[in-house]
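# Analysis of the macromolecular model
So you can see what is in the structure, the chains are spelled out below.
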Amino acid sequence: MPLADQLTYDILNDTINRKLELAPYYYYDELLSSTGGVQAEYPILLAEYTFRTIKDVEEYLTLLSQYDKLFQQICAFEKEKAKRGLFMNETSVDHLIEQCHAFLPENSENSFWETTFKERLDQIKGLKKNEKKKYIDENHKLLQESVYPAYHKLIAVLKALKKEGKNPQGLCYFEEGKKYYELLVKSTTGSARSITELQKMTEDRREQALTELNHLTVSTASNGLLPYQTPEEILECLKTKIRTSFPTAPKASYVVKNVNEKLQDFLSPAFYLTAPMDQYTNNCIYINPGNNYNEIELFTTLAHEGYPGHLYQTIYSYSKKLSPVRYILYHGGYTEGWATYVEMLSYDYACPDQTLAKAFMLNQDATLSLYATIDMGVHYDGWTLADTVDFLGKYGISETAVISKIYQSIIENPGNYLKYYIGYLEFLQLKNKAKEYFGNDYSELLFHTAVLNMGSAPFYILENTLSNIITRQTNVITNPFFYTAYLKGMDSLLIQ
């Protein structure tokens, strides 16, 4: 079987098996989250629904008309969770209610629902004035009759169910919650390692990072950061910096937007909206000003979301024309692990002083590892808030309010931090394997080209595929012609 077909088969087989394993735990899942639930993600996705033709507008309005039905189904799901003793805790309910109110405008005429709709209508050439008014009126009507009532209904249901949440702690306190968490982590991270192995891998990496950090001597006369101010300047800088270590991606445009002021307390610090398959040259990154980024944080965040992170990885993957089914499958460990991996590399791009760059990177590495350890401690080992306070106290973190916020965030989003950190560690493991496979021929460009051309997948599948490529294509390394072709892309290797 050709390697590309084998890879698609292995990924589909893994996806089906994971879904079957998780099927008995259907009601352990949670559709609502204060940092990324349906109620928060859908408005952003709709706000970015591109209007190219009248048909796009009509399809958008059809989606809007289904908003109340969607939320009715979510309410039914939450009621069933409550019946089964699996409903969220009271603090989570309070956060969600507060967030839902943020999506209900005080002045509907000037809400982001209305303004973004009008802006997108303006992009349609030849739209007559009376047609434009008709669509604006229909949009306004649907917001009043479908969207806003959906949020009011959800708020009412959450208030009614608020006292039903019996477990204010981790998943392991639910019946079979520990087993569910094991399966969730496997699915979320794409790692085949046990929780115990992941805990040790995380701890070992943290101790290594902290040891290296303690041995660094950072000059107080450091040159600091590169002199880039705007997000666009930073992204253009990154596009230039990555040229020697990453394969060339297709040309693409992007816009950087700020999260709406009313929503800044409830949405992620930053996020990239995955571009459509047929329009992947048009991209959008959101920055949340409420996060109060300093210079280095903004630079590395844009590396995570833009180049060579999510935006770059997405457009590169689309340009490789993988089997279409692969683009509808999500592998969080690969996607967020890649973005975290390149974010760590970007400290070198941001700081002329390489010692300072390494200090920043090691500090971020160790910080993310703390979140990962807490995630597994809370949901697998049953850590209480007091346990979390004790753990972070060992690292000099003692602000109770901050720790309580971290603890609650991890309660609401089990496994979320592991996508980033375990995914990152698995990329480092894969990198070490690539160095073994390629030997003296190893290069950053070679490794990045290999993992990007294979596309998103669980890590054990990526490692097996990389091993098969080396086994079946030894002439790639020994023959200069094939080696040059290999650096330009592994297309030929994956379609034989």
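Summarised in this report is the structure supplied together with it.

## Here we look at the layout of surface pockets
- Here the second largest pocket is characterised by a volume of approximately 410 Å³.
- Along the walls of the second largest pocket sit 19 residues, with Arg205, Met361, Tyr424, Leu428 and Lys431 positioned nearest its centre.
- For the lining of the second largest pocket, the secondary-structure elements that each account for two or more residues are helix H9 (195–214), helix H13 (332–350), helix H14 (354–379) and helix H17 (416–438).
- Element by element, the count of residues in the lining of the second largest pocket is highest for H17, at seven residues.
- Here the residues of the lining of the second largest pocket are counted per class, giving ten nonpolar, three polar and six charged.

## Details of empty space enclosed by the protein
- Inspection of every chain in the model, using the stated rule, returns two cavities of 30 Å³ or more.
- Taken together, Asp14, Arg18, Lys186, Gly190, Ser191, Ala192, Pro458 and Tyr460 make up the lining of the largest cavity.
- Considering only residue class, the lining of the largest cavity consists of three nonpolar, two polar and three charged.
- Considered as a void within the structure, the second largest cavity measures approximately 30 Å³ in volume.

## Description of the environment of lysine 241
- Counting through the fold element by element, lysine 241 comes out in helix H10 (residues 231–241).
- Separated by 66 residues in sequence, lysine 241 and tyrosine 307 have C-alpha atoms that sit 9.5 Å apart.

## Re helix H5 (residues 90–102)
- In this model, H5 (13 residues) spans 19 Å end to end at C-alpha, consistent with the 18 Å of a helix rising 1.5 Å per residue.
- Of the positions making up H5, those classed as buried are Ser92, Val93, Leu96, Ile97, Gln99, Cys100 and Ala102.
- Its side-chain oxygen placed 3.1 Å from the backbone nitrogen of threonine 91, asparagine 89 serves as the N-cap of H5.

## Focus: unusual backbone geometry
- Omega for the bond connecting tyrosine 307 with proline 308 falls within 30 degrees of zero, at 5°, which places this linkage in the cis form.
- Tracing the chain through its elements places proline 308 in the loop between helix H11 (295–305) and helix H12 (310–319).
- The phi angle at glutamate 176 is positive, at roughly 65°, despite the residue not being glycine.
- We classify glutamate 176 as partly exposed; its relative accessible area is 48%.
- If you check the backbone angles, lysine 321 has positive phi at about 50° while not being a glycine.
- Looking at the element boundaries, lysine 321 is found in the loop between H12 and H13.

Conventions adopted
- Residues numbered from 1 in each chain as written.
- Predicted model: local features only at pLDDT ≥ 70, side-chain atom pairs only at ≥ 80, totals over all residues.
- Heavy atoms only, no water.
- 1 Å grid on protein atoms, 1.4 Å probe; cavity = no way out; pocket = protein on both sides within 12 Å on 5 of 7 lines; lining within 4 Å.
- Points joined across faces, edges and corners; volume = space filled by probe spheres on them.
- Helix = DSSP H or I, 4+ residues; strand = E, 2+ residues; numbered from the N terminus.
- Nonpolar A, V, L, I, M, F, W, Y, C, P; charged D, E, K, R; others polar.
- Expected span 1.5 Å × (residues − 1).
- Buried < 20%, exposed > 50% of the residue type's maximum accessible area, 1.4 Å probe, protein only.
- Polar contact = N/O pair within 3.5 Å; in protein donor to acceptor, adjacent residues only side chain to side chain.

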